[in-house]
Every structure is written in C-alpha cells, then in structure tokens.
Amino acid sequence: DEIKHFVHSEVGRINKQSMAAADARIQQQYWYLSSSIFVALITSYWIPNVISRGIIKLKNSIQNLKCDLTHQVQINSHDEVGKTAKAFNLLLKKLDKSLSIVTDVGAGLAVQVEAIGTNCERNNELTQTQKENVEQVLVIGHKLNNSINEISISSVDGAKYASEAKNKAKEG
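Position numbers for residues count from 1 along each chain, tracking the sequence in the order it is written. For this predicted model, a pLDDT threshold of at least 70 governs which residues receive local features, and a threshold of 80 or more governs which side-chain atom pairs are given and counted, while totals over whole chains, interfaces and linings are taken from all residues. To obtain the side-chain values, all non-hydrogen atoms of the structure were used and water was disregarded.

Details of the overall build of the chain
The line we're drawing: Every helix listed is a DSSP run of H or I at least four residues long, and every strand listed is a run of E at least two residues long, numbered separately from the N terminus. Each radius of gyration reported is based on C-alpha atoms, and the globular scaling rule is 2.2 Å times the count of residues to the power 0.38.
Counting secondary structure elements, the chain contains three helices and zero strands. When the helices and strands of the chain are listed from N to C terminus, the series reads α-α-α. Taken over the C-alpha trace, the chain has a radius of gyration of 40 Å; the compact-globule value for 172 residues is 16 Å, which it surpasses by more than 25%. The C-alpha extent of the chain, read off along each of the three principal axes, is 145 × 20 × 20 Å.

This is the structure:
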C-alpha cells in the first residue's frame, strides 16, 4: 500500500512538473500567436490597400492552417507584413516543438505508468501467493495441534490405565 501511494505520488509529481513546463511554453507561444494576429489585424485596418494584400495573404494562410503546425506562411517582403509572417513562422515552429515535447513526455509517462502497473500486478500476485502459503501453514498448524491434543489425551489415558494396573498388581 505504501509502494502504491509512493508510486501515485511520484507519478502525480512528475505529471504536474511536466504539464506546468509544457503549459508555460504553450502559453508563451499562444501569446506570440495572439500578438501576431493582433498586429496583423490592426495593420490591415490602417494601412493602404497595397500593404493590405500582404496582410490578407497572411490571414488566409493562418485560416488555412487547420492544426498543421509545419505550414509556413510564404510572404517575401521586408516590411512589417513580412516581419510578421517570419515571426508567425517562427511561432509555428516553436508551437510544433512544444507539442512534440508534450507528446514525448506523455509517451514517457505512459511507459512509466505501464511499468508501475506491471509492478503492482506482480506485487499483488506475490501477496496472494504469500497469503495462500500462510493459510496452508495455518491449516497444517491446526492439524498438528489436533494431533498433539489426541496424543496428550492418549498419554493421560495410558497413564491412568498404567496406574490402575499398578494398583491392581499390588492388590492382587
């Protein structure tokens, strides 16, 4: 029971540490994403039509992502739109890396939990075997106790008969 509690505590601690680190990275990456989107929207509202085309292209690329973090926005300008696209592409790479880390940590935890489960099952089997052995020893002990009691009763009866025979021999 202590092992089970220890294992659960350690798994919980590892999970909390891993998830906290992953959450911090993901929050930072989402903040970058939100900032980039905010900048893109403000720029598209205030900048003349020529620059707006680049922003619309960026917006369309973002909308077409559909959870593909390997997608790269293709804008080859050196103005604010191009810088935003590069920042967005960097953000996508960081998000993809963070997601890979979270996936790897999750897989590692799954392996550890499976190993712990296997150990628990083995411990349960050993405990069951030990319980069965103790029960067998108790049954044998009970039988041995009964046999000793029978021998004791027979010894008392034998002593009594011997004493009676001795008394009859003296009388007779």
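Comments concerning the nonpolar core
Let me state the cut-off plainly: Definition of nonpolar core: a set of buried residues of the types Ala, Val, Leu, Ile, Met, Phe, Trp, Tyr and Cys, connected through side-chain atoms within 4.5 Å. Residue exposure (1.4 Å probe, protein chains only): buried if accessible area is under 20% of the type maximum, exposed if over 50%, otherwise partly exposed. We call two residues contacting when some pair of their heavy atoms lies within 4.5 Å.
Residues Leu-58, Val-73, Ile-75, Ala-85, Phe-88 and Leu-91 are the most contacted members of the largest nonpolar core, which totals 13 residues. Secondary structure elements with two or more residues in this core: helix H1 (2–46), helix H2 (49–63) and helix H3 (80–171). At six residues, the largest contribution of residues to this core is made by H3. The residues contacting Ile-75, other than those within four sequence positions of it, are Gly-54, Lys-57, Leu-58, Val-81, Gly-82 and Ala-85.

A word on the side chain of Thr-84
Within the secondary structure, Thr-84 is located in helix H3. A relative accessible area of 13% means that Thr-84 is categorised as buried. The contact partners of Thr-84, leaving out residues within four places of it in the chain, are Ser-36, Val-39 and Leu-58.

Thoughts on a nonpolar patch on the surface
Quick reminder of the rule: Patch definition: residues with relative accessible area over 30% and no salt bridge; like charges joined within 9 Å; nonpolar side chains (Val, Leu, Ile, Met, Phe, Trp, Tyr) joined within 5 Å. Methods summary: accessible areas were calculated by the Shrake-Rupley approach with a probe of 1.4 Å, and residue burial reflects only the protein chains presented. Each reported salt bridge corresponds to a side-chain nitrogen of Lys or Arg within 4 Å of a carboxyl oxygen of Asp or Glu.
On the surface, Phe-38, Val-39 and Ile-42 cluster together into a nonpolar patch covering about 270 Å² of accessible area. Assignment of secondary structure puts Val-39 in helix H1.

Digging into the layout of surface pockets
Put simply, the rule is: The definitions used throughout rest on a 1 Å grid laid over the protein atoms alone, on which a cavity is an enclosed set of points accommodating a 1.4 Å probe that cannot get out and a pocket is an open set flanked by protein within 12 Å on both sides along at least five of seven lines; lining residues are those having an atom within 4 Å of a point. Grid points are joined across faces, edges and corners, and a volume is the space filled by probe spheres set on the points. Classification used: nonpolar for Ala, Val, Leu, Ile, Met, Phe, Trp, Tyr, Cys and Pro, charged for Asp, Glu, Lys and Arg, polar for all others including Gly.
By volume, the largest pocket amounts to about 260 Å³. Looking at the largest pocket, it is lined by 15 residues, and the ones nearest its centre are Tyr-30, Leu-33, Cys-67, Leu-69 and Leu-95. Elements with a contribution of two residues or more to the lining of the largest pocket: H1 and H3. Per-element accounting of the lining of the largest pocket gives the leading share, five residues, to H3. In terms of residue class, the lining of the largest pocket is built from 12 nonpolar, one polar and two charged.

Considering the pattern of salt bridges
Going through the model one piece at a time under the given rule, you end up with one salt bridge. Residues Glu-125 and Arg-122 are paired through a salt bridge, measuring 3.5 Å at the closest nitrogen-oxygen approach. Pair noted here: Glu-125 and Arg-122 are both in helix H3, with a separation of three residues, about one helical turn.

Function-wise, these values are silent; they only describe arrangement.
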